[in-house]
Protein chains: 2
Amino acid sequence: MTGKAPLYNRLALIGVGLIGSSIARASRLQNVAGSIVATARSPATRRRIAELGLADQVVETNAAAVAGADLVIVSIPVGACGEVAREIGPYLAPGATVSDVGSVKGAVVRDMAPHLPANAHFVPAHPVAGTEFSGPDAGFAELFVNRWCILTPPDGTDAAATEKLATFWRALGANVETMTPDHHDLVLAITSHLPHLIAYTIVGTAAELGEVTRSEVLQFSAGGFRDFTRIAASDPTMWRDVFLANKDAVLEMLGRFNEDISALTRAIRNGDGEKLFEHFTHTRAIRKGIVQIGQDSPAPDFGRPHPDLPHTPLPKPYAGE
Amino acid sequence: MTGKAPLYNRLALIGVGLIGSSIARASRLQNVAGSIVATARSPATRRRIAELGLADQVVETNAAAVAGADLVIVSIPVGACGEVAREIGPYLAPGATVSDVGSVKGAVVRDMAPHLPANAHFVPAHPVAGTEFSGPDAGFAELFVNRWCILTPPDGTDAAATEKLATFWRALGANVETMTPDHHDLVLAITSHLPHLIAYTIVGTAAELGEVTRSEVLQFSAGGFRDFTRIAASDPTMWRDVFLANKDAVLEMLGRFNEDISALTRAIRNGDGEKLFEHFTHTRAIRKGIVQIGQDSPAPDFGRPHPDLPHTPLPKPYAGE
């Protein structure tokens, strides 16, 4: 630890799930908050925050949380952000920075901005990081390391406030990028929202088949299906809100996806192997790009990652009858 | 190593890619083959097999490979299996077992069976295991551990020959299941073929967008897209053949997927949050089932699996201006 003053004096966390609790954990290690005050809607979550020691103070209301805080981060489903902004607006300290972590930015700006006082700095943020788990126990301090955090300050936002929040996220390990809310929503529609929708769809399709039993689907999931179930296990409330809040961009990307899957379906129906081969070769190259820029591991994945492999032992050798 | 006689005297491997080379590596450790003879279509692959020491003998033709072998495993794209059966048929030792590893079974049975002599035992197999890498260097002995291997012996196959091949796969660590070729093709259409087709599609869709650049797609892929690119990096030749060979079942599953995605699209368009929430809750439960039966790790995945996490270090703490 350094003896220098922390970046912000008092960090208020509204919502302490996977993302909020990871911010809390990392902030404590990284000298970016002198103290942390946290709140959550449910009494059970508030109790758990206290048990885990994630904050210096756990309070019952959003208004109490933001009192005296110079940084407020709202980490809740995007559909609830407007209401929270309305609640906290009158209680914000002058000059406080208000941010969020939502996966949709246009709707969050639209819903929150009108409720925030002119002397607060509103700098929406989206850390593009996560796992398929939720809740305060799921977070960990390294979640944002080498991940991107996208800031979408509305026109006229104080540049120093934006830069200070960028410093905050860099201290948590993230790379920071700035773009407009609308462009953010288009980029995320294809890189995140559409993949989730498709994963949710196919997992549902598989669950409803009469000819193939549920247990067969689970049993033979290592053939590819398994990779979809991971993202189709993400938090339902969060994702409901994402699709409702980014409807236009998601519908646009869905339209293009449907055109493309129709073309591949036609190639299969017509036995057009050349077209299939060409497409599959092209997509393999894209994977290489992702590994090259460090957004995924090149290690082969066979559904049993982490320390237990490649050391999973073979059975005893064949020893005759 | 045991002093007991190996399960088979001589194993002939035709095709030594990810699967064939994993069979070779595991067979050497598990006392299931007295000797291994291997061949591959390309001289470069044959040289590499020899360099890696994967076989006792590397030969140039399929006919030479099967001479004297009591187990022949064909590990090549399914579209090439018929031609190989035609080539090896006349050279098979009496009583030899012929098997394969193809992801489609109906077409393989249809293409191979007519070329095999009556005194050979034909036991098609499909080890449901793999990674996104290909070639003889990509294999490893533990690939099949705790994975399923599905045997689809045609009616009238010698039960002892089938059971012996099951013993072989169990010695390589696999769990063995037996079903008809047609049922196999339906199960795999939903658990493997459709997921691959969808992953190939969305990765292609993302690559063709004008408003979102290729580098943005790669950069922000951690939001979900990344998980699709892994399976869309699988071997193009193998997958072209899978879709051509299992056309009917894949088209059937595609039809159902399209119905389901239309229903979710409509829910988004209508702002029907309740329907979305209900669907997403349902799919989360299916993920739990897969983890419970050991077909995936419960460890959270954030694109940097394996030993490097959760130990990825945070940057140095904020140290002031």
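Caption draft 1: Structural detail: the interface of chain A and chain B. Taken together, the contact between chain A and chain B spans 118 residues of the former and 119 residues of the latter. Those elements that provide at least two residues to the side of chain A that touches chain B are helix H1 (18-30), helix H7 (181-207), helix H8 (214-219), helix H9 (225-231), helix H10 (236-245), helix H11 (247-269) and helix H12 (273-292) of chain A. Sort the elements by how many residues they give to the side of chain A that touches chain B and H7(A) lands first, with 19 residues. Here the residues of the side of chain A that touches chain B are counted per class, giving 68 nonpolar, 31 polar and 19 charged.

Caption draft 2: Highlighting the domain arrangement of chain A. Residues and elements named next belong to chain A. Domain parsing of chain A yields domain 1 (8-179) and domain 2 (184-296). Once you take the C-alpha centre of each, domain 1 and domain 2 turn out to be 30 Å apart. In this complex, domain 1 contributes 15 residues to the contact, which on the side of domain 2 involves 17 residues.

Caption draft 3: Summary view of the nonpolar core. Counting 217 residues, the largest nonpolar core has Leu13(A), Ala38(A), Val72(A), Leu13(B), Ala38(B) and Val72(B) as its most contacted members. Filtering out sequence-adjacent residues up to four positions away, Ala38(B) remains in contact with Leu13(B), Val16(B), Ala24(B), Ile49(B), Leu54(B), Ala55(B), Val58(B) and Ala65(B).

Caption draft 4: Structural detail: the pairing of strand E8 (residues 148-151) of chain A. Residues and elements named next belong to chain A. Side chains Trp148 and Ile150 project from E8 onto one buried face, and the interleaved Cys149 and Leu151 project onto a second face that is buried too. The pairing of strand E7 (residues 125-128) with E8 spans 4 bridges and is antiparallel. In the strand pairing of E8, valine 128 is matched with tryptophan 148. Two elements, E8 and strand E9 (residues 175-178), share 4 bridges in a ladder whose sense is parallel. Pairing of isoleucine 150 across the sheet is with glutamate 177, part of E9. Each parallel crossover has a hand, and the one from E8 via helix H6 (residues 159-171) to E9 is right-handed.

Caption draft 5: Representation of H10(A) within the structure. Counting buried residues in H10(A) gives 9 out of 10 residues, a clear majority hidden from the surface. Among the residues making up H10(A), those that are buried are Pro236(A), Met238(A), Trp239(A), Arg240(A), Asp241(A), Val242(A), Phe243(A), Leu244(A) and Ala245(A). Structurally, H10(A) contributes buried residues whose contacts are with helix H5 (106-112), H7 and H11 of chain A together with helix H11 (247-269) and helix H12 (273-292) of chain B.

Caption draft 6: Spatial organisation of the relation of the copies chain A and chain B. With an RMSD of 0.0 Å, the fit of chain A onto chain B corresponds to turning through 180 degrees and sliding 0.0 Å along the axis. The transformation just described matches what one would write down for a two-fold rotation axis. Here 100% of the interface residues in chain A have copies in chain B that are interface residues too; the copies meet face to matching face.

Caption draft 7: Looking closely at the environment of Ala113(A). Residues and elements named next belong to chain A. For alanine 113, the location among the structural elements is in the loop between H5 and strand E6 (121-122). The class of alanine 113 is partly exposed, set by 14 C-beta atoms lying within 10 Å. Here the alpha-carbon distance between alanine 113 and glycine 82, two residues 31 residues apart in the chain, equals 8.3 Å. Dropping the residues within four chain positions of it, alanine 113 is found in contact with Phe122 and Pro154.

Caption draft 8: Summary view of the packing of H11(A) against H11(B). The geometry of H11(A) relative to H11(B) is characterised by a closest axis approach of 12 Å and an angle of 165 degrees between their N-to-C directions. On the basis of their axis angle, the class for H11(A) and H11(B) is roughly antiparallel. In the crossing of H11(A) with H11(B), the sense of the turn from one axis to the other is left-handed. Contacts from Lys247(A), Val250(A), Leu251(A), Leu254(A), Thr265(A), Ile268(A) and Arg269(A) of H11(A) reach H11(B) at Lys247(B), Val250(B), Leu251(B), Leu254(B), Thr265(B), Ile268(B) and Arg269(B).

Cut-offs applied
Residues numbered from 1 in each chain as written. Chains lettered and ligands numbered in written order. Predicted model: local features only at pLDDT ≥ 70, side-chain atom pairs only at ≥ 80, totals over all residues. Contact = placed C-beta atoms within 7 Å. Helix = DSSP H or I, 4+ residues; strand = E, 2+ residues; numbered from the N terminus. Nonpolar A, V, L, I, M, F, W, Y, C, P; charged D, E, K, R; others polar. Domains from an automatic or database assignment. Core = buried A, V, L, I, M, F, W, Y, C linked by C-beta atoms within 7 Å. Buried ≥ 20, exposed ≤ 12 C-beta atoms within 10 Å, placed from the backbone. Pairing = 2+ DSSP bridges. Right-handed = clockwise from strand over helix to strand, strands pointing away. Least-squares fit on C-alpha atoms with pLDDT ≥ 70 in both. Axes fitted to C-alpha atoms, helices over the stretch in contact; angles between N-to-C directions. Parallel < 35°, antiparallel > 145°, perpendicular 65-115°, else oblique. Left-handed = near helix turned anticlockwise from the far one by under 90°.

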